[in-house]
Amino acid sequence: MKGTEQFKQTIKAYLDERGKTDELFAVSYAKENKNLDDCITFVLNQVMAICKEGGCGMTDDEVYSLCTHYYDEDNIEVGKAVNCGVIVNHRVELTPEEQAKAREKALKAYQDEELRKIQQRNSRPKPTPKAVRQEPEQPSLFDF
C-alpha cells in the first residue's frame, strides 16, 4: 500500500469513529484478520477498476462504503498492492489558537518579504547624472 499518509489517516479516523458509534460495525472492525493497510489496498483496487471503465475519483461516502464493505466481508479479495498517490480533498479546521499562530506567521513572512524588497531597492547603485558635454565654442566670422 503506497497511498498517501493523509488518506490513510482520514480512513482510520472515519473507521475509528464509526466503530465507536455503531456497535455492529465495531464487531467487524475488531476482526483479527482485518487491517487498515489491506482495507486501503482493497479501496485503491476498487478505484482502479472504476477508472478503467472511464470514471475516476470517488466521493467520501463511496470510499467509506468500500471500507465498511471490506471489514464486513470475511472472504474478500483485497487485490495486489497499488503504488499510487491519493489526493484527500478535505478542509483543515484550525482551532482559534492555531488560526492566530498561522496569521502571525503569515504576517511575519509578509513583513520580511516587503523589507527584503525595500533593502534590495535601496542597495542598487543610484544612477549618476550624465555630465553635460559642452561643445567648444566655435568662433564666428563676425567675431573678427
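Residues numbered from 1 in each chain as written. Predicted model: local features only at pLDDT ≥ 70, side-chain atom pairs only at ≥ 80, totals over all residues. Heavy atoms only, no water.

Per an unreviewed UniProt entry, the recorded name for the chain is PcfK-like family protein, and the organism is Bacteroides zhangwenhongii.

**Q** With reference to specific residues and values, describe the overall build of the chain.
**A** The helix and strand inventory of the chain stands at 5 helices and 0 strands. Each helix (α) and strand (β) of the chain, taken in turn from the N terminus, gives the series α-α-α-α-α. The burial tally for the chain puts 21% of its 144 residues in the buried class. A sequence separation of at least 24 residues applies to 82% of the contacts in the chain between residues at least 6 apart. (Helix = DSSP H or I, 4+ residues; strand = E, 2+ residues; numbered from the N terminus. Buried < 20%, exposed > 50% of the residue type's maximum accessible area, 1.4 Å probe, protein only. Contact = heavy atoms within 4.5 Å.)

**Q** If you had to explain the nonpolar core to someone new, which residues and values would you point to?
**A** Nonpolar side chains in soluble globular proteins tend to be buried together. Counting 21 residues, the largest nonpolar core has Phe 7, Ile 11, Leu 15, Val 43, Cys 67 and Tyr 71 as the members making the most contacts within it. Contributions of two or more residues to this core are made by helix 1 (5-21), helix 3 (36-52) and helix 4 (60-72). In terms of residue count, helix 3 provides more of this core than any other element does, 7 residues in total. With near-sequence residues (within four places) excluded, Cys 67 lies in contact with Ile 11, Leu 15, Cys 39 and Val 43. (Core = buried A, V, L, I, M, F, W, Y, C linked by side-chain atoms within 4.5 Å.)

**Q** Could you give an account of the side chain of Lys 8, naming the residues involved and the relevant values?
**A** Relative to the assigned elements, Lys 8 resides in helix 1. Of note is the side chain of Lys 8, whose polar atom sits 2.8 Å from the side chain of Asp 37. (Polar contact = N/O pair within 3.5 Å; in protein donor to acceptor, adjacent residues only side chain to side chain.)

**Q** Please set out the packing of helix 1 against helix 3 residue by residue, giving values where relevant.
**A** Here helix 1 crosses helix 3 at 110°, and the two axes come no closer than 11 Å. When the interaxial angle is binned, helix 1 and helix 3 end up roughly perpendicular. Residue-level inspection shows Phe 7, Lys 8, Ile 11, Lys 12 and Leu 15 of helix 1 in contact with helix 3, the latter providing Leu 36, Asp 37, Cys 39, Ile 40, Val 43 and Leu 44. Classifying every residue of the contact of helix 1 with helix 3 by side-chain character gives 8 nonpolar, no polar and 3 charged. (Axes fitted to C-alpha atoms, helices over the stretch in contact; angles between N-to-C directions. Parallel < 35°, antiparallel > 145°, perpendicular 65-115°, else oblique. Nonpolar A, V, L, I, M, F, W, Y, C, P; charged D, E, K, R; others polar.)

**Q** Describe the environment of Gln 46, and please don't skip the residues or the numbers.
**A** Tracing the backbone through its elements, the reader meets Gln 46 in helix 3. Here Gln 46 falls in the partly exposed class, since its relative accessible area comes to 30%. Separated by 32 residues in sequence, Gln 46 and Val 78 have C-alpha atoms that sit 9.1 Å apart.

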